[in-house]
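Analysis of the macromolecular model
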Amino acid sequence: MSEKTGKRGRPVVAGSARQSRLDARAQRAAQGLSTGRGRPASQTSARQSKLAAKAAKIAAGIEIKRGAPKKVTTAEPVSA
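A short tour of the structure in this document, coming up. (Residues numbered from 1 in each chain as written. Predicted model: local features only at pLDDT ≥ 70, side-chain atom pairs only at ≥ 80, totals over all residues. Heavy atoms only, no water.)

On to the overall build of the protein. A count of helices and strands for the protein gives 2 helices and 0 strands. Computed over the C-alpha atoms, the radius of gyration of the protein is 27 Å, more than 25% above the 12 Å expected from 2.2 N^0.38 for a compact globule of 80 residues. Seen through its C-alpha atoms, the protein measures out along the principal axes to roughly 85 × 45 × 25 Å. For the protein, the residues scored as buried account for 1% of the 80 residues in total. Summing over all exposed atoms, the protein offers an accessible surface of approximately 8,500 Å²; the carbon and sulfur share of this is 54%. (Helix = DSSP H or I, 4+ residues; strand = E, 2+ residues; numbered from the N terminus. Rg over C-alpha atoms; globule rule 2.2 N^0.38 Å. Buried < 20%, exposed > 50% of the residue type's maximum accessible area, 1.4 Å probe, protein only. Areas by Shrake-Rupley, 256 points an atom, 1.4 Å probe, with all protein chains shown as cover.)

On the surface, Arg18, Arg21, Arg25, Arg28 and Arg37 cluster together into a patch of positive charge. Relative to the helices and strands, Arg18 resides in helix α1 (residues 17-30). (Patch = residues over 30% accessible without salt bridge, like charges linked within 9 Å, V, L, I, M, F, W, Y side chains within 5 Å. Salt bridge = Lys/Arg side-chain N within 4 Å of Asp/Glu carboxyl O. Lys, Arg positive; Asp, Glu negative; His and termini not counted. Charge placed at Lys NZ, Arg CZ, Asp CG, Glu CD.)

Take the environment of Ser34 next. Inspection of the secondary structure puts Ser34 in the loop between α1 and α2 (46-60). From its side chain, Ser34 meets the backbone nitrogen of Gly36 in a polar contact 3.2 Å long. (Polar contact = N/O pair within 3.5 Å; in protein donor to acceptor, adjacent residues only side chain to side chain.)

A few words now on α2. If you check α2, its first and last C-alpha atoms are 21 Å apart, about what 15 residues at 1.5 Å a residue would give, namely 21 Å. One or two steps after α2, the chain reaches Gly61, where phi turns positive at roughly 85°. (Expected span 1.5 Å × (residues − 1).)

As for its placement among the helices and strands, Ser20 is situated in helix α1. In this structure the side chain of Ser20 is engaged in a polar contact, spanning 2.7 Å, whose partner is the backbone oxygen of Ala17.

What follows deals with the environment of Ile58. Of note, Ile58 is situated in helix α2. On the basis of relative accessibility, which here comes to 52%, the residue Ile58 falls in the exposed class. Note: C-alpha distance between Ile58 and Lys71 (13 residues apart in sequence) is 25 Å.

Encoded structure:
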């Protein structure tokens, strides 16, 4: 194989709108802020309240069990 190195693809225009957006996103990510990717979650939704309650239980050290609870079987006498 030939050992060629060099730039590939389109050249980057330093002052373009896309590059300024990417730089702003990189700065927000470096500061630990939101990068604005994806759909924002509604904090008042039922799912977010469930997730917050689960996170609070984990923080409190309460054991979180996965899945549905086990079925309780009762031994009922069989009448003939």
